[in-house]
Amino acid sequence: MGVDYETVQTWLAGYDSSQITIGVVASHSSLQILHGARQEGFRTLGIAVGENRRRFYKAFPGAEPDEWLMLDDYREMLDHAEWFRSKNVIIIPHGSLVEYLGATNFRNLEVPTFGNRNILHWESSRALQREWLEEGGCTMPKVIEDPHNIAGPVIVKYAGAKGGRGYFIARDYRDFRRNVDIEEEFTIQEYVLGCRYYLHFFFDPTATDGYQVQGRGQHAGKNLGRLELLSMDRRDESNVDEFYKLGSLRDLREMDLEPSFVVTGNQPVVIRESLLPRAFEMAEGTVAASFNLEEGSRGMLGPFCLETIVTDQLEFKVFEISARIVAGSNPFVGGSPYSDINERFMSTGRRIARSIRSGIESENLDDIIS
Ligand code: AMP
């Protein structure tokens, strides 16, 4: 079940709020998080395995941690919980932390973390994500349960695939049979043709102004907090993004080549302004639904990303949610065309640190920590 909220509150009550340190695993979006923490006046702690990793941060003095915890294995973080707490550390989770520790270990990490660590359970399986996102009013790509029913392009995703490695596209059952690794757990989704946009939102349950999320179900009639759009990216994926240069899928197969979807970088984008209201509607529904996922759910807290494809009918199809900071926010260390409208130089990393800063000032830090 992981660490319970009452215990986290006890730890926080013992923290010296004038000495809070922001701790992060040195990877993924750590430069942005460390830089943002520093902008908001926090001490910072980097957690790393391998001297080379630490040395690399010398190249970025604007983000270099004030202190390091060097480990032989990231799972040793679990044994350092008391040490972290003695230093008033709040850990900012990101994709690499969850991957290195494992989702269950992360839930059991006995250190205060930013956001709602329990929501990551809902993020961890495609079936749970679908339940959550559809409940929130998002349209998702159709799932094909029986491969015999493949009629048109599909994408086959393996459960344990890291960063899209090993996914493949099939046009019919024969194609599927030829490529599938039957030993692995997989999902078959309709292949949605369109442009990909990764929408980076932030939900602040402590704010009472701005675009307020309306509660649903047991929370109907309540304003749950403020929804913000911080930025948007599109991933570069190797090799599918450059695949077309060698000809058609058929030509490529003749050369024994298959497209792959391995993320190598991120590009900043904006979408047509007329698509923004629908983007907010989907994000609002997703946040509202997160409060009803289970009994007493504290809902989505902080940054999350809706990963979408916009078709030529100008419809969004949401294929995934990340319930934490995404690396796609890295192009925006200096702000984005969306966040600049409200405040210049506001990255997601800095927005997290700002949230912790206001939590300290208004003495409601425990509202945004788990
Ligand atoms: P995911 O692991 O679900 O984030 O997917 C990785 C990549 O596969 C995405 O960034 C897209 O390029 C592609 N992709 C995933 N789902 C679909 C889909 N239903 N239709 C088309 N492309 C997809």
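Refer to the structure above for everything that follows.
Rules and cut-offs
Residues numbered from 1 in each chain as written. Predicted model: local features only at pLDDT ≥ 70, side-chain atom pairs only at ≥ 80, totals over all residues. Heavy atoms only, no water. Buried < 20%, exposed > 50% of the residue type's maximum accessible area, 1.4 Å probe, protein only. Helix = DSSP H or I, 4+ residues; strand = E, 2+ residues; numbered from the N terminus. Contact = heavy atoms within 4.5 Å. Pairing = 2+ DSSP bridges. Phe/Tyr/Trp six-rings, centres within 6.5 Å; stacked < 30°, edge-to-face > 60°. Lys NZ or Arg CZ within 6 Å of the ring centre and 35° of its normal. Axes fitted to C-alpha atoms, helices over the stretch in contact; angles between N-to-C directions. Core = buried A, V, L, I, M, F, W, Y, C linked by side-chain atoms within 4.5 Å. Arc of directions from axis to C-beta. Polar contact = N/O pair within 3.5 Å; in protein donor to acceptor, adjacent residues only side chain to side chain. Patch = residues over 30% accessible without salt bridge, like charges linked within 9 Å, V, L, I, M, F, W, Y side chains within 5 Å. Areas by Shrake-Rupley, 256 points an atom, 1.4 Å probe, with all protein chains shown as cover. Salt bridge = Lys/Arg side-chain N within 4 Å of Asp/Glu carboxyl O.

**Quick word on helix α8 (residues 126–135)**
Given 3.6 residues per turn, any residue in an α-helix points the same way as the ones three and four places further on.
(1) Moving on: All buried positions along α8 are accounted for by Leu128, Gln129, Arg130, Trp132 and Leu133.
(2) Moving on: Along its buried surface, α8 packs onto α7 (119–123), β7 (186–190), α12 (276–290), β12 (302–310) and β13 (316–322).
(3) Moving on: Two residues or fewer after α8 comes glycine 137, characterised by a positive phi angle close to 95°.

**What about the pairing of strand β8 (residues 195–204)?**
(1) Moving on: Here β8 lies mainly inside the structure; 9 of its 10 residues are buried.
(2) Moving on: Note that β8 and β12 share 9 bridges and pair antiparallel. By the bridge assignment for β12, leucine 199 is matched with leucine 306.
(3) Moving on: Where β8 lies against strand β10 (residues 223–239), 7 bridges are found, and the strand directions are antiparallel. What sits directly across from phenylalanine 201, in β10, is leucine 229.

**Topic: the packing of aromatic side chains**
(1) Moving on: This structure, assessed with the given rule, holds 16 aromatic pairs.
(2) Moving on: Aromatic pair phenylalanine 201 and phenylalanine 280: ring centres 5.5 Å apart, planes at 90°, arrangement edge-to-face. Placement of the pair is phenylalanine 201 in strand β8 and phenylalanine 280 in helix α12, with a sequence separation of 79 residues. For the pair shown, phenylalanine 201 and phenylalanine 280 are each scored as buried.
(3) Moving on: An aromatic cluster is present here, built from Tyr158, Phe168, Tyr173, Phe176 and Phe186 joined pairwise through their rings.
(4) Moving on: We note arginine 357 situated over the ring of phenylalanine 42; from NZ or CZ to the ring centre the distance is 4.1 Å.

**Let's talk about the sheet that holds strand β4 (residues 89–91)**
What links the strands of a sheet is backbone hydrogen bonding, and the strands pair in either a parallel or an antiparallel sense.
(1) Moving on: Taken together, the 4 strands give an open sheet; going across it, the order is β3-β2-β1-β4, and neighbouring strands pair in parallel fashion. With one partner strand each, in any of the chains shown, β3 (67–71) and β4 form the two edges of the open sheet. Mean inter-strand twist for the sheet, computed between neighbouring axes without regard to direction, equals 25°.
(2) Moving on: As paired elements, strand β2 (residues 43–49) and β3 share 5 bridges and run parallel to each other. Directly across from leucine 45, in β3, lies its bridge partner glutamate 67.
(3) Moving on: Along the sheet, helix α2 (residues 30–39) contacts β1 (21–25) and β2; its crossing angle with β1, the most-contacted strand, is approximately 175°.

**Details of the nonpolar core**
(1) Moving on: Membership of the largest hydrophobic core comes to 86 residues, with the highest contact counts inside it found for Met77, Phe201, Phe304, Leu306 and Ile356.
(2) Moving on: Every residue in contact with phenylalanine 201, bar those within four places of it in the chain, is listed here: Leu227, Glu228, Leu229, Ala279, Phe280, Ala283, Gly302, Pro303, Phe304 and Leu306.
(3) Moving on: Core analysis: the next-biggest nonpolar cluster, separate from the first, contains 10 residues, Ile150, Val154, Phe168 and Val180 among them.

**Here's the deal with helix α1 (residues 5–13)**
(1) Moving on: Among the residues of α1, Val8, Trp11 and Leu12 are the ones counted as buried. Buried residues of α1, viewed axially, fall in a sector of 100°; they line one side. Across α1 from its buried face, at more than 90 degrees, point the exposed residues Glu6, Thr10 and Ala13.
(2) Moving on: N-cap assignment for α1: the residue whose side-chain oxygen lies 3.2 Å from the backbone N of glutamate 6 is aspartate 4.

**Re a nonpolar patch on the surface**
(1) Moving on: Together, Leu246, Met255 and Leu257 make up a nonpolar patch on the protein surface, roughly 260 Å² of accessible area in all.
(2) Moving on: When you line up the elements, leucine 246 lands in the loop between α10 (240–243) and α11 (249–254).

**Topic: the side chain of asparagine 364**
(1) Moving on: By the secondary structure assignment, asparagine 364 is in the segment after α14 (348–361).
(2) Moving on: At 2.8 Å, the side chain of asparagine 364 and the side chain of serine 362 are in polar contact.
(3) Moving on: Contacts of asparagine 364, omitting those with residues within four sequence positions, involve Thr206, Ser358 and Gly359.

From the geometry alone we can't say anything about function, so treat these as descriptive.
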